[in-house]
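Examination of the molecular architecture
For reference, the chains in residue letters:
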Amino acid sequence: MNDTLSPAPACTQPTLFIPHGAGPCFFMQWNPPATWDGMAGFLRGLAAALPSRPRAILMVSAHWLAAEFRISAGQQPGLIYDYYGFPEHTYQLAYPAPGEPALAGRVAQALAEAGFDTSLDHERGFDHGMFIPLKLMFPDADIPVVQLSLRQDLDPAAHLVVGAALAPLRDAGVLIVGSGMSFHNMRGYGDPRFTTPSLVFDEWLTGAVEAAPAERDRALAAWARAPHAHACHPAGAEEHLIPLLVAAGAAARDSGRKIYSDKVLEVQLSAFRFG
């Protein structure tokens, strides 16, 4: 079996929910130029804050939705440049991280045992919700990565349970990362009318994440009832928030806390860590 999944002792990894920005924003000129600097600096500093180098990364990206939970199982996935209208050089970005079929199999088994329909995808590449933030977090691209899709119904409770089923992977040194945005309403970016709603929702979200685990799960399962929830994540398009629920579910009894927050494009954006 691959060393990534060997039973040798490993540091238990936390789980993370991180913002991945706007398309390839960290690797191009933007106006104003410093728009994404704070977020980029946060992502670059994440690896140093971990208890050890991860043996592998399980990435849950907002940019992969499927009818069932699908898991990337290729040995060397390519990249999917699933952003549009950006400078030509951003379609040449590289991130040659290997896949990890053995880990993909373990993820599939864990989810099947939890009662979920799952399948392995040996052909799909890594989308930009994976490679854009990981280019900053782990620029050497030498840690194996497996991607897990969201289920397209975006059911909050189901994604919390999925996270709980994956929690034991943390003890094997697997870093579970939800990649999305704590605010994602395309009409709201750059519009100061959304500043206050984003701040109010961010305050609610922070309180939910930092609550005791049982209360945290109840609150996040009912996130749509939060103040300004659908101003920040329009109904039916909440895929950028749902990776947080997988990360929270995988936290088990570990507490959560905010580790980054900044006003970007007139709205508040945050990141969270569990464990």
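Parameters and conventions
- Residues numbered from 1 in each chain as written.
- Predicted model: local features only at pLDDT ≥ 70, side-chain atom pairs only at ≥ 80, totals over all residues.
- Heavy atoms only, no water.
- Axes fitted to C-alpha atoms, helices over the stretch in contact; angles between N-to-C directions.
- Helix = DSSP H or I, 4+ residues; strand = E, 2+ residues; numbered from the N terminus.
- Parallel < 35°, antiparallel > 145°, perpendicular 65-115°, else oblique.
- Left-handed = near helix turned anticlockwise from the far one by under 90°.
- Contact = heavy atoms within 4.5 Å.
- Nonpolar A, V, L, I, M, F, W, Y, C, P; charged D, E, K, R; others polar.
- Buried < 20%, exposed > 50% of the residue type's maximum accessible area, 1.4 Å probe, protein only.
- Polar contact = N/O pair within 3.5 Å; in protein donor to acceptor, adjacent residues only side chain to side chain.

1. A word on the packing of helix α2 (residues 101–113) against helix α4 (residues 156–166)
For any two helices packed against each other, one specifies the inter-axial angle together with the distance between the axes. Where α2 contacts α4, the two axes come as close as 9 Å, and the packing angle between them is 125°. The pairing of α2 with α4 is recorded here as oblique in orientation. Seen along the crossing, α2 lies across α4 with a hand that is right-handed. From α2, Val 107, Ala 110 and Leu 111 reach across to α4, where they touch Val 162, Ala 165 and Leu 166. Of the residues belonging to the contact of α2 with α4, the class tally is six nonpolar, no polar and no charged.

2. Some details on the environment of Glu 210
Turning to its location among the elements, Glu 210 is positioned in the loop between α5 (195–209) and α6 (213–221). By relative accessible area, which is 42% here, Glu 210 ends up partly exposed. Here the alpha-carbon distance between Glu 210 and Arg 257, two residues 47 residues apart in the chain, equals 5.4 Å. Contact partners of Glu 210, with chain neighbours within four places excluded, come to Gly 256, Arg 257 and Lys 258. Side-chain polar atoms of Glu 210 contact the backbone nitrogen of Lys 258, separated by 3.2 Å.

3. A closer look at the side chain of His 20
Positionally, His 20 belongs in the loop between β1 (15–19) and α1 (37–45). Side-chain polar atoms of His 20 contact the side chain of His 63, separated by 3.2 Å. Side-chain polar atoms of His 20 contact the side chain of Ser 179, separated by 2.8 Å. When neighbours within four sequence positions are excluded, His 20 is seen to be in contact with Phe 26, Ala 62, His 63, His 128, Gly 129, Ile 132, Pro 133, Ser 179, Gly 180, Met 181 and His 240.

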